[in-house]
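# Notes for the structure review
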Amino acid sequence: NQTVSRALDEMLPATHGQVLCFLPGAGEIERATQDAVTVASAHDVELVPLHGSLDADAQDRALQPSIRRRVVLATNIAETSLTVPGVAVVIDTGLQKVARYDAERAIDELVLERVTLDSADQRAGRAARLGPGVVRRLWDERDRLRPEREPEIRRVDLAATLLGILAAGNRPEAFAWYEAPSPDRIEAALSLLRRLG
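Bear in mind the structure is a predicted one, so any value in this text is a computation, not a measurement. The numbering scheme is per chain: residues are counted from 1 as the chain's sequence reads. Whole-chain, interface and lining totals are the exception, using all residues; otherwise, since this is a predicted model, local features are given only for residues with pLDDT of at least 70 and side-chain atom pairs are given and counted only at 80 or more. Heavy atoms from the whole structure form the basis of all side-chain values; hydrogens and water molecules are not counted.

Core analysis: the largest hydrophobic core is formed by 21 residues, its most contacted members being Leu-8, Val-19, Cys-21, Val-71, Leu-73 and Ile-91. Of all the elements in the fold, those that place two or more residues in this core are α1 (4-11), β1 (18-22), α2 (26-42), β3 (70-74) and β4 (87-92). Secondary structure elements are defined from DSSP: runs of H or I of at least 4 residues count as helices, runs of E of at least 2 residues count as strands, and each element is numbered from the N terminus. Broken down by element, this core gets its largest block of residues, five residues, from α2. For our purposes a nonpolar core is just a set of buried Ala, Val, Leu, Ile, Met, Phe, Trp, Tyr and Cys residues, chained together by side-chain atoms within 4.5 Å. Remark: exposure states derive from per-residue accessible area (1.4 Å probe, protein chains only) relative to the maximum for the residue type, with buried under 20%, exposed over 50%, and partly exposed in between.

Given below as structure tokens:
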């Protein structure tokens, strides 16, 4: 597995346009930025972070067109939600953080996981929005990716969702779900709501 810094050092002189690097979280973005400072300086590019915990001005800065070549280090927020202008190169670590419900602690937690194949394809497509693009995937090509993302309704705590359904005067067991969660997940969420009063 290659580091983002090493991939940048190889890709920057061989390509043109803005570079979008996908990393799993803000901590990984900060570490990758620190590791890539020397490489960025050598290739005269600007390193710009992009993740959900940045304030609006910092996020806007990453999304503004720039005359200077940039490397935007982003979470999967740049996969579908936001468009970074001028991207011709994608470097993908193949990792993401996903909210998953921990039944033992009755809370959602962020879990580091390998991306799915549809997510990897979506990321790669960011390099070809304006013309031909280049993608460098930083995982072994023999790695098997799950074909598609798991719906959020199967991964996260349902207590808030069920509270909204109940508050609207509906019954969860009769609710017209787009994709219904399992009965045991509904019961676990209802049990938590009862305990909370």
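From this point, things continue past the structure.
In this section: the pattern of salt bridges. Any carboxyl oxygen of Asp or Glu that lies within 4 Å of a side-chain nitrogen of Lys or Arg is treated as forming a salt bridge with it. Tallying each qualifying case throughout the model produces 20 salt bridges. Between Asp-44 and Arg-68 there is a salt bridge whose closest N-O contact spans 3.3 Å. With Asp-44 in the loop between α2 and β2 (46-50) and Arg-68 in the loop between α3 (56-63) and β3, this residue pair connects regions lying 24 residues apart in the sequence. Residue classification places Asp-44 among the exposed positions, given a relative accessible area of 52%. A cluster of three or more residues bridged by salt bridges with shared partners is formed by Glu-79, Asp-92, Asp-118, Arg-123 and Arg-149.

On to the environment of Arg-195, then. For Arg-195, the location among the structural elements is in helix α6 (residues 183-196). Expressed as a C-alpha distance, the spacing of Arg-195 and Ser-81, which sit 114 residues apart in the sequence, is 36 Å.

For two strands to be treated as a pair, DSSP must find at least two bridges joining them. In spatial order, the strands read β2-β3-β1-β4-β7; together these five strands make up an open sheet with parallel pairing. The open sheet terminates on both sides in strands that have one partner only, identified here as β2 and β7 (134-137). With direction set aside, neighbouring strand axes in the sheet form an average angle of 20°. Pairing between β1 and β3: four bridges, direction parallel. Paired with Cys-21 across the two strands is Leu-73, which belongs to β3. To obtain an axis, a line is fitted to C-alpha atoms, over the contacting stretch when the element is a helix, and the angle between two such axes runs from 0 to 180 degrees between their N-to-C directions.

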